[in-house]
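So you can see what is in the structure, the chains are spelled out below.
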Amino acid sequence: MCCNVEDDMDQIILRNRTFDELAVGESASLQRSVGRDDIDLFAAVSGDLNPAHLDAGFAAGGRFGHIVAHGLWTGGLISALLGTRLPGPGTIYLGQDLQFRHPVAPGDTITATVRVREKRADKRIVVLDTSCTNQNGEQVLAGTATVIAPQTSVAWPSPHLPEVALRRHDRYDAFVRDARALPSLRVAVIHPCSPEAIIAAVEIRDEGLLAPILVGPEAKIRAAAEAARVSLDGMPIEAVEHSHAAAARGVELAMAGKVSILMKGSLHTDELLGAVVAAGSGLRTERRISHVYAMSVPAYPKPLIVTDAAINILPTLEQKRDICQNAIDLLHTLGIAEPLVAVLAAVETVNARMPATLDAAALTVMAARGQITGARVDGPLAFDNAISPEAARTKGIVSPVAGQADILLVPDLEAGNMLAKQLIYFAGADAAGLVLGARVPIVLTSRSDSLKTRIASAALAKLVASRRGPGIPAKGAGA
């Protein structure tokens, strides 16, 4: 016998084999291909987040050189066979030994087989040989299962499982791939005196994105590396006395053309940016510096920029113009020829008592008159109207931006910070952070950032530094 599942009028019927019906040597099989969704769903259900199963970069350095499926995903095929086919419904699983003999990779097709080896009449116990093989005939799993077989025959309709789908948000993949394809650039990692900062520097080096120069007190840097259990071999150290000196030295390295990017280590953001915009630093431009979150939101079909959520507390209209243009220029770098900018407010109509709506209307006109270039800008738009076509239609909003924004320009830092963090913690978004408007891009990382986010931030900075044209004027007021 090879199967105890029947299709009865489009209804799958599960039929078992009782203890008395089973014969030694009887077998059943099922076949299943394993995809990334299978692996990710198993991780979500089991909580097994071992990066060997989930992170291609981590797995590349492992024994097999690629992601492998969880061993118990394969073992689960044996459980499915026992419970639905042989012996089938009513089977009680007593024990299982498993030997994992070959890795299972995404794309493999696995055939699971159980075969009756022994019957024990006193307690209806059945021992079965269990095996799984891949499409090449290689045995990936072997073992023995012990069950109590059903006593009575059962024909039971298979329950309808709920439809389950992963909401992936791989919005970073394209630009990370583009960044890896470019020649490596030097980055000054400013004051990397914590294990987290050192690990971030090692990661971007090992990912083939950037070549770090560590700037800070050498003894503290080496102590942090020792605490992180990583080697600093091949990473030069620019030794200075303290964090202030590290920020100043990083600016000097950028002005001398020795580095193309600055990256925040374990010093305060204000300390680093203060050195960047200080009079005479040479990194200031006529453009106001601003921060962008490049967000990968599972529920949104494309990358989404939120700006400014970290630097400009209560920006003026002119400063908002610069914040807007910085974000537009970033998306040009990513290959989006005409980004759609939604200038956010609480409502979508102009209200003289709400300054954010007045600024939004003014920025819309400024874009129409060429004071903001390279994008379609519209506002005021409420958040729902900016990102939901249905919400925009319900409100009767006719706009080239509404419902499909690439950039969300927020009224002030508080609104931007709350919006970004709500997307991160409630919507499961990733948020790569970058400071724009200076002569070199500046990577801002947080200890809570995932590896994926840190890599995306470095990739963005590399693309900006590699492809930056003459669009930013040479000198001016700065931040």
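Treat the numbers as computed from the prediction; the structure is a model and nothing was measured.

(A) Expanded view of unusual backbone geometry. Going from Thr 307 to Asp 308, the amide bond is cis rather than trans, its omega being -5°. Positionally, Asp 308 belongs in the loop between β14 (304–307) and α10 (317–333). Here the bond from Gly 379 into Pro 380 is cis, since omega is 5°, no more than 30 degrees from zero. With respect to the element layout, Pro 380 can be found in strand β16 (residues 376–381).

(B) Broad picture of the pattern of salt bridges. What the rule picks out here adds up to 19 salt bridges. Across the pair Glu 207 and Arg 180 runs a salt bridge whose closest N-O atoms are separated by 2.3 Å. With a gap of 27 residues between them, Glu 207 in the loop between α6 (195–206) and β10 (210–216) and Arg 180 in helix α5 (residues 173–181) connect regions that are remote in the sequence. Residue Arg 180 is classed as partly exposed on the basis of its relative accessible area, which comes to 40%. Each member of the salt-bridge network shares a partner with another, and the members are Glu 238, Arg 249 and Glu 252.

(C) Structural view of the environment of Asn 385. Its location among the elements puts Asn 385 in helix α12 (residues 383–387). What makes Asn 385 buried here is its relative accessible area of 0%. Considering only alpha carbons, one finds Asn 385 and Thr 269, 116 residues apart in sequence, at a separation of 33 Å. In this view, Asn 385 contacts Glu 348, Ala 391, Ala 392, Lys 395, Ile 397, Ala 402 and Gly 403; residues no more than four positions away in its chain are not counted. A polar atom in the side chain of Asn 385 sits 3.0 Å from the side chain of Glu 348.

(D) Structural context of helix α8 (residues 243–255). In this model α8 runs 19 Å from its N-terminal to its C-terminal C-alpha over 13 residues, within 8% of the 18 Å that 1.5 Å per residue would give. Residues of α8 that are buried include every one of Ser 243, Ala 246, Ala 247, Gly 250, Val 251, Leu 253 and Ala 254, and no others. Buried residues along α8 cover an arc of 160° about the axis, so they all sit on one side. Note on α8: the residue one or two positions beyond its end, Gly 257, has a positive phi of about 75°.

Cut-offs and rules
Residues take numbers from 1 onward in each chain, read along the sequence in its written order. Thresholds applied to this predicted model are a pLDDT of at least 70 for local features of residues and 80 or more for the giving and counting of side-chain atom pairs; totals over whole chains, interfaces and linings are not thresholded and use all residues. Side-chain descriptors were evaluated using all non-hydrogen atoms of the structure, hydrogens and water having been removed beforehand. Counting from the N terminus, the helices are DSSP H or I runs at least four residues long and the strands are E runs at least two residues long. Definition used for salt bridges: Asp or Glu carboxyl oxygen within 4 Å of a side-chain nitrogen of Lys or Arg. Summary of the burial criterion: residues with accessible area below 20% of their type's maximum are buried, those above 50% are exposed, and those between are partly exposed, where the area comes from a 1.4 Å probe applied to protein chains only. Note on contacts: a residue pair qualifies if any of its non-hydrogen atoms lie within 4.5 Å across the two residues. Under the rule applied, a polar contact is a pair of N or O atoms within 3.5 Å (in protein, one hydrogen donor and one hydrogen acceptor; residues adjacent in sequence only if both atoms are side-chain atoms). Here the expected span of a helix is defined as 1.5 Å times the quantity of residues minus one. It is the directions from the helix axis to the C-beta atoms that the arc portrays.

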